[in-house]
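Take a look at the letters that make up each chain.
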Amino acid sequence: MDYAANTQTARIYTREEHQIDAERLDRRAMRIAHQLIDAGFEAYLVGGCLRDSLLSREPKDFDIATNARPEEVARLFRNCRLIGRRFRLAHIHFGRNIIEVATFRAGADEDVKTDSDGHVIEDNHYGTMEDDVVRRDFTVNALYYDPRSEELIDYLGAMQDLQQQVLRLIGEPAARYTQDPVRMLRAARFAAKLDMQLETQTEAAIGVCAEGLKSVPPARLFDETQKLFMSGYGVKSYEQMKRLQLFSMLFPDVARVLNHPNQAFADYADRVIRIALSNTDQRIAQDKPVTIAFLFAAFLWPVFQLQYQGLLKSRDWHSAMHEAVDLVLIAAAERISIPVRLRGMIREMWTLQARFDLTGNSQRKTRSLLSHPRFRAAYDFLLVREAAGEPLAESVRWWSYAQKESGIVPMALNEYDGDFETASKGNHLERKGKISVNKRRARRGRRR
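Not measured: the values here are computed from a predicted model.

Counting its secondary structure elements, the protein contains 23 helices and 14 strands. Residue burial in the protein is summarised as follows: out of 448 residues, 50% are buried. Within the protein, residue pairs in contact and separated by at least 24 positions form 65% of the contacts whose partners lie at least 6 positions apart.

Shown next as structure tokens:
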């Protein structure tokens, strides 16, 4: 499709035609747009907030496109910070909330600076709205909303694609993916989030260009991984990533386990991932705290198990365990940059799994484990393992009861028959006084 030709005439939708309720749009974004217009600039709401409104979803990601240069935006708003080297953006801060203001980008690709692989490294070339529209990623993200006339401007048939539930990349797909391979991850994410089908050429080019993700900086891939799996539709994102063969580009060691010759182990690894993602999706839906460290721990757990079993042939279990943790995390970080803090959390969740089996015959060790700041995350991970098929039902019951009745110190694990009602009467438990738990540490441990 010749998108440059299509931008010559735009379809204008009135408020009655598009039915976007201005009252549902972010007042701060609207106020910023009006202030830019009052200063003599063009300003439009653009992107995800319009797409979601048209799909009857709660609008988020309120971005503004304008012909004002970033420095001009910064002079108008005291709470503005300029960011970005590849393309300069203005971020207007409202506490923790940010409204992004982007200057219209030029459409002349020959002015864009690229590296030897064809990836764009500098793109601070400004243009008109007609230029800007063809530089966006997908047609459904290329709508412009005039805050004064309340008209919706559609250059590329985005409204039709929304109605047909089609996700279409703007421009020639292979060229756009080569310029920025992360667009392939965005295609998988939007397809999962919006329940849309990828347009034929948009999907076909991914198979040709997927290897380009290997040259993307690990820190950027970490950011994209969070968006994929920490936005409430992680299971669907995982399925799209596997279907498009992109998951192996982010987690090559995990992908090898998912294709392990032992089909039972491969199925187990897949269940661990799906259960952890489903758990996280549910917590996000319930507005509960989550952390990407829990998902990384689940993704890499089968890899860790294989590494541990291999090292156990020549080392004691304790040395093998910690060396396996190091090897797995170092290898994973070659593709995705996992911050040191998160690597520490993953290590604790994994190593605490061994303590669940070893502390039942010691009150002191039981108290220590219950008060560990990462106990709750490790316990939740124990539940994932059990749900995935590991024979851990007895351990799960025992530690579930230990938390529920923290004033009772359980006996050795092998002496506990799992009968909560009988145990509460003291037949199978020794009453040794309340377990002293540091409340502040306990609260931290519950945060995942």
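All chains considered together, the criterion is met by 25 salt bridges. Ionic pairing is found between arginine 148 and aspartate 38, a salt bridge with its closest N-O pair at 2.2 Å. In this pair, arginine 148 sits in the loop between strand S9 (143-145) and strand S10 (152-154) while aspartate 38 sits in helix H3 (residues 27-38), placing the two residues 110 residues apart along the sequence. Residue arginine 220 pairs with aspartate 180 through a salt bridge whose shortest N-O separation is 2.9 Å. Taken together, the residues arginine 220 in helix H11 (residues 218-229) and aspartate 180 in the loop between helix H8 (173-179) and helix H9 (182-194) connect sequence positions 40 residues apart. Each member of the salt-bridge network shares a partner with another, and the members are Glu239, Lys242, Asp270 and Arg274.

Between the first and last C-alpha of helix H17 (residues 317-333) there are 24 Å, a value that for 17 residues agrees with the 24 Å anticipated at 1.5 Å per step. Turning to H17, its buried residues number three or more, namely Ala320, Met321, Ala324, Val325, Val328, Leu329 and Ala332. Looking straight down H17, one finds its buried side chains confined to an arc of 150 degrees; they lie on one side. For H17, the capping residue at the N-terminal end is aspartate 316, with a side-chain oxygen 3.1 Å from the backbone nitrogen of histidine 318.

Attention shifts here to the UniProt feature "active site" (unreviewed entry) in the protein. When the UniProt feature table is mapped onto this chain, "active site" (unreviewed entry) is found at Asp61, Asp63 and Asp137. Positionally, aspartate 61 belongs in the loop between helix H4 (48-54) and strand S3 (63-66). A residue is classified by how much of its surface remains accessible, and aspartate 61, at 47% relative accessible area, is partly exposed. For aspartate 61, the residues in contact, after removing those within four places along its chain, are Val46, Gly48, Cys49 and Lys193. If you trace the backbone, aspartate 137 turns up in the loop between helix H6 (129-133) and S9. In contact with aspartate 137, not counting residues within four places along its chain, are Arg168, Leu169, Ile170, Arg183, Arg186 and Phe190.

With the rule as written, the count across this model stands at 23 aromatic pairs. Where tyrosine 44 meets phenylalanine 104, the ring centres are 6.4 Å apart and the plane angle is 35 degrees; that geometry is what we call tilted. Here phenylalanine 104 lies in the loop between strand S6 (97-103) and strand S7 (113-114) and tyrosine 44 lies in strand S2 (residues 43-46), a separation of 60 residues in the sequence. By relative accessible area, tyrosine 44 is classed as buried at 10%. Judged by centre distance (4.6 Å) and plane angle (75 degrees), the ring pair of tryptophan 398 and tryptophan 399 falls under edge-to-face. Here tryptophan 398 matches tryptophan 399 in class, with each residue buried.

Criteria and cut-off values
- Residues numbered from 1 in each chain as written.
- Predicted model: local features only at pLDDT ≥ 70, side-chain atom pairs only at ≥ 80, totals over all residues.
- Heavy atoms only, no water.
- Helix = DSSP H or I, 4+ residues; strand = E, 2+ residues; numbered from the N terminus.
- Buried < 20%, exposed > 50% of the residue type's maximum accessible area, 1.4 Å probe, protein only.
- Contact = heavy atoms within 4.5 Å.
- Salt bridge = Lys/Arg side-chain N within 4 Å of Asp/Glu carboxyl O.
- Expected span 1.5 Å × (residues − 1).
- Arc of directions from axis to C-beta.
- Polar contact = N/O pair within 3.5 Å; in protein donor to acceptor, adjacent residues only side chain to side chain.
- UniProt positions renumbered as here; feature names shortened; annotations may be inferred.
- Phe/Tyr/Trp six-rings, centres within 6.5 Å; stacked < 30°, edge-to-face > 60°.

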